[in-house]
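Spelled out from the first residue to the last, the chains are:
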Amino acid sequence: MLHSESEPRLYRVSRLLCGVCTHLLCAAFTVFVAIIANPGSSLFSWHPFLMTLAFSFFMTEAILLFSLHSSPAGKLKHQVKSRLHWILQCSCVSCALLGLGAIFYNKHLNGKPHFSTWHGLVGVVTVCVVAVQSVAALPLIYHKLAKGWSLAKLKRYHAAAGLVTYLLGSASLILGACSAWFTSSVGGNAWYVTVLCPAVAAFTVMSQVTNAYMAKKRLQS
């Protein structure tokens, strides 16, 4: 809190605007993909919709809950934020697993090879990592599961692993925007704008996580 109050006003305002823009961009990106995918029109249509909902919306909001500048739940207690974070992350994992199942079964029905592109490879790795990350976070809720580990150390590891997971998810979304399906539906300047959405979100989340722990080190020194 002391660190936040000592920051220049322009810096705080710029971070607030960046956070608000990230909320809006991720929500808009999710809605946009939902419109062009038209979930329910085919088995494949569920894949882009669920994956975007998982990594562009649920996971982004789960992390931004802890933002000092643009959290939509800034006035809530940390314990309540942690529970909301857990719910959003569970929603992310559920959507990601369903999205992976949809594309896997769709390729099986059409006799197409699995994980034959960079998007497919990064995507399956991301889903596996986010599932492991969510299970590994249980000791943060039930600290008795991690005997001999301090809560502060567990939080640092969780934040670092979460950042890596989020960057993988953002990379998967960007690679998905390069797929034949997406480029055939979105072209020109609209394509660049849509790709900018996960890129901006990744930058915002990376800045939030790194600045939070740099601030803690400065306060402790």
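Residues numbered from 1 in each chain as written. Predicted model: local features only at pLDDT ≥ 70, side-chain atom pairs only at ≥ 80, totals over all residues. Heavy atoms only, no water.

Per an unreviewed UniProt entry, the chain goes by ascorbate ferrireductase (transmembrane) and derives from Ictalurus punctatus. Per its UniProt entry, the chain bears the Subcellular location (unreviewed entry) comment "Membrane". Listed under Cofactor (unreviewed entry) in UniProt, the entry text for the chain is "heme b". (UniProt positions renumbered as here; feature names shortened; annotations may be inferred.)

Throughout the structure, instances matching the rule amount to zero disulfides. You can see Cys128 has no disulfide; the closest cysteine sulfur is in Cys92, sitting 13 Å from it. (Disulfide = S-S within 2.5 Å.)

Bringing the nonpolar core into the picture now. Core analysis: the largest hydrophobic core is formed by 40 residues, its most contacted members being Phe55, Met59, Cys92 and Tyr166. Among the elements of the structure, helix 2 (9-37), helix 3 (46-64), helix 4 (78-110), helix 5 (118-136), helix 7 (151-177) and helix 9 (189-220) are those that each provide at least two residues to this core. Among the elements that take part in this core, helix 3 stands out by supplying 10 residues, more than any other. Residues contacting Phe55, with those up to four places away along its chain left out, are Thr60, Cys92, Ala96, Thr126, Val130, Tyr166, Gly169 and Leu173. (Core = buried A, V, L, I, M, F, W, Y, C linked by side-chain atoms within 4.5 Å. Buried < 20%, exposed > 50% of the residue type's maximum accessible area, 1.4 Å probe, protein only. Helix = DSSP H or I, 4+ residues; strand = E, 2+ residues; numbered from the N terminus. Contact = heavy atoms within 4.5 Å.)

The UniProt feature table records "transmembrane region" (unreviewed entry) at residues 16-37, 43-66, 86-105, 117-142, 163-184 and 190-214. What you have in residues 86-105 is 100% helix and 0% strand, and the ends, taken at the C-alpha atoms, are 28 Å apart. The straight-line gap between the two end C-alpha atoms of residues 117-142 is 39 Å; of that span, 88% is helix and 0% is strand.

One full turn of an α-helix is made of 3.6 residues, so residues set three or four places apart face in the same direction. A rise of 1.5 Å per residue sets the reference length of helix 7, with its 27 residues, at 39 Å; its end C-alpha atoms lie 38 Å apart and thus fit the reference within 8%. For helix 7, every residue scored as buried is listed here: Leu154, Ala159, Gly162, Leu163, Thr165, Tyr166, Gly169, Ser170, Ser172, Leu173, Gly176 and Ala177. (Expected span 1.5 Å × (residues − 1).)

Side chains of Leu76, Val80, Leu84, Trp86, Ile87, Val135, Leu138, Tyr142 and Leu145 sit close together on the surface and give an oily, nonpolar patch of about 820 Å² of accessible area. By residue number, the principal contributor to the nonpolar patch is helix 4, which donates four residues. As for its placement among the helices and strands, Val135 is situated in helix 5. Assessed through its relative accessible area of 56%, Val135 is described here as exposed. (Patch = residues over 30% accessible without salt bridge, like charges linked within 9 Å, V, L, I, M, F, W, Y side chains within 5 Å. Areas by Shrake-Rupley, 256 points an atom, 1.4 Å probe, with all protein chains shown as cover. Salt bridge = Lys/Arg side-chain N within 4 Å of Asp/Glu carboxyl O.)

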